[in-house]
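Below, each chain spelled out in residue letters.
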Amino acid sequence: MIDFQPILDQIHTNIQQCSDKGRVADYIPELSKVDANKFGISILDSNAQQFSVGDAQERFSIQSVSKVLLLSMAFAKVGDALWKRVDVEPSGDPFNHLSLLEMENGIPRNPLINAGAIVICDVLLSQLKNPKQEFIQYIRDIAGDASIDYDLEVAESEKRTGFRNYAAANLIKSFGNLEHDVEEVLDFYFHSCAIAMSCEQLVKVFYIFMNRGNCLQNNNYLNLSQVKRINAIMLTCGFYDEAGEFAFEVGLPGKSGVGGGIVALLPNHFCVATWSPGLNEKGNSKLGMLALEQLTTETGLSIF
């Protein structure tokens, strides 16, 4: 097995020399308070060995990274019926655009854009008695970490400024693709985006997508077919309209969030999480993208 530590140390050194760190998301007021100089990276390999450097133990708002976890929970519960409500095509548009939603009769392009995740939240509301509590418990159980929780200030901040998400939810509702009240669906959605985790915690959760649906405690959450499909959606849709660029530069399935986090994985080999709050113009972590490109180039490990 590879000793990832010297590789991560070198990436950290390289990243610290970058003067352009991108721009911290400011449209969610709570996120604008984060220090742009933060950078962490952590790897968990198939032997359950963990390697980290930088601010890898500091918690941050995972934002859209949680969409993969909403998807995995819903997919495990309802199976292929899910695809009647949401498609699996790349959008080619920013994560919060509404134009495609209207043209395609309220069926979101994929589960990893905002509109798609809103539909997934609606699906879970029909499956769960206490959605917010059961969802966070699902994540805690996978990670084996009871300390993972919502950041309620971020959730409130999202609710106050989430006008496009309200527009998307109402548009989906007008086409009959939301079964529950818009307020109820969005309350769950905003909370899911406001989960706080560190890089070291994130790789333990996403380990299931690297390890054939099994967590570190060897409990099974997804079958092989479901893992394959979720990883495929991450590769094609995990980075909004920069998914092609990420596949080209990094070559791993993954998911980004506007909190500056990125999670990526190589099935049966490793899971990696980076955090750097400054974003590029497409809404993905500028230095996180760079770090992951260096990782796959240096190790020669990617799906291609």
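From a predicted model like this one, the values you see are computed outputs, not experimental measurements. (Residues numbered from 1 in each chain as written. Predicted model: local features only at pLDDT ≥ 70, side-chain atom pairs only at ≥ 80, totals over all residues. Heavy atoms only, no water.)

**Some details on the overall build of the chain**
Now for step 1: Counting its secondary structure elements, the chain contains 12 helices and 10 strands.
Now for step 2: For the chain, whose C-alpha radius of gyration is 18 Å, the value lies close to the compact-globule estimate of 19 Å for 304 residues.
Now for step 3: Seen through its principal axes, the chain has C-alpha atoms that stretch 55 × 40 × 35 Å.
Now for step 4: Burial statistics for the chain: of 304 residues in total, 58% are counted as buried.
Now for step 5: Residue pairs in contact within the chain that sit at least 24 positions apart in sequence constitute 70% of those at least 6 positions apart.
Now for step 6: When the accessible surface of the chain is totalled, it reaches about 12,000 Å², and 47% of it is carbon and sulfur.
Now for step 7: Averaged over its 24 positive side-chain charges, the chain has a centre that lies 4 Å from the centre of its 37 negative ones. (Helix = DSSP H or I, 4+ residues; strand = E, 2+ residues; numbered from the N terminus. Rg over C-alpha atoms; globule rule 2.2 N^0.38 Å. Buried < 20%, exposed > 50% of the residue type's maximum accessible area, 1.4 Å probe, protein only. Contact = heavy atoms within 4.5 Å. Areas by Shrake-Rupley, 256 points an atom, 1.4 Å probe, with all protein chains shown as cover. Lys, Arg positive; Asp, Glu negative; His and termini not counted. Charge placed at Lys NZ, Arg CZ, Asp CG, Glu CD.)

**Focus on the packing of aromatic side chains**
Now for step 1: Applying the stated criterion across every chain, the model contains 10 aromatic pairs.
Now for step 2: Between the aromatic rings of phenylalanine 60 and tryptophan 275, the centroid separation amounts to 5.0 Å while the plane-to-plane angle is 5°, which identifies the pairing as stacked. Placement of phenylalanine 60 in strand S4 (residues 60–61) and of tryptophan 275 in strand S9 (residues 270–275) is noted, with a sequence separation of 215 residues between them. Side by side, phenylalanine 60 and tryptophan 275 carry an identical accessibility label, which is buried.
Now for step 3: A centroid spacing of 5.9 Å and a plane angle of 50° characterise the contact between tyrosine 166 and phenylalanine 190, whose relative ring orientation is tilted. Here phenylalanine 190 lies in helix H8 (residues 182–193) and tyrosine 166 lies in helix H7 (residues 163–174), a separation of 24 residues in the sequence. Considered together, tyrosine 166 and phenylalanine 190 belong to a single accessibility category, that of buried residues.
Now for step 4: Here a set of aromatic residues connected by ring pairs shows up, and it is made of Phe4, Phe51 and Phe270. (Phe/Tyr/Trp six-rings, centres within 6.5 Å; stacked < 30°, edge-to-face > 60°.)

**A short note on the sheet that holds strand S8 (residues 261–266)**
Now for step 1: Taken together, the five strands give an open sheet; going across it, the order is S3-S2-S9-S8-S7, and neighbouring strands pair in antiparallel fashion. In the strand order of this sheet, the two ends are held by strand S3 (50–54) and strand S7 (254–256), each with one partner. Here the strands of the sheet are splayed against their neighbours by 10° on average, with no regard to which way each runs.
Now for step 2: Pairing geometry for strand S2 (residues 40–45) and S9, over six bridges, is antiparallel. (Pairing = 2+ DSSP bridges. Axes fitted to C-alpha atoms, helices over the stretch in contact; angles between N-to-C directions.)

**So, the packing of helix H5 (residues 131–143) against helix H9 (residues 199–210)**
Now for step 1: One can describe the packing of H5 onto H9 by two numbers: an axis separation of 8 Å at closest approach and a directional angle of 85°. As summarised for this structure, H5 and H9 are arranged roughly perpendicular, according to the angle between their axes. Where H5 approaches H9, its residues Ile139, Ile142 and Ala143 are matched on the opposing element by Lys204, Val205 and Ile208.
Now for step 2: Here the residues of the contact of H5 with H9 are counted per class, giving five nonpolar, no polar and one charged. (Parallel < 35°, antiparallel > 145°, perpendicular 65-115°, else oblique. Nonpolar A, V, L, I, M, F, W, Y, C, P; charged D, E, K, R; others polar.)

**Observations concerning helix H6 (residues 152–161)**
Note: α-helices contain 3.6 residues per turn, so residues at a spacing of three or four share the same orientation.
Now for step 1: Three or more residues of H6 are buried, namely Val154, Ala155, Ser157 and Glu158. In an axial view of H6, the angular spread of the buried residues amounts to 160°, which keeps them on one side of the axis. Away from its buried face by more than 90 degrees, H6 exposes Leu152 and Glu153.
Now for step 2: Tucked into the core, H6 has its buried residues touching S4 and H8.
Now for step 3: Two or three places before glutamate 153, at the opening of H6, aspartate 151 has a side-chain oxygen 3.1 Å from that residue's backbone nitrogen. (Arc of directions from axis to C-beta. Polar contact = N/O pair within 3.5 Å; in protein donor to acceptor, adjacent residues only side chain to side chain.)

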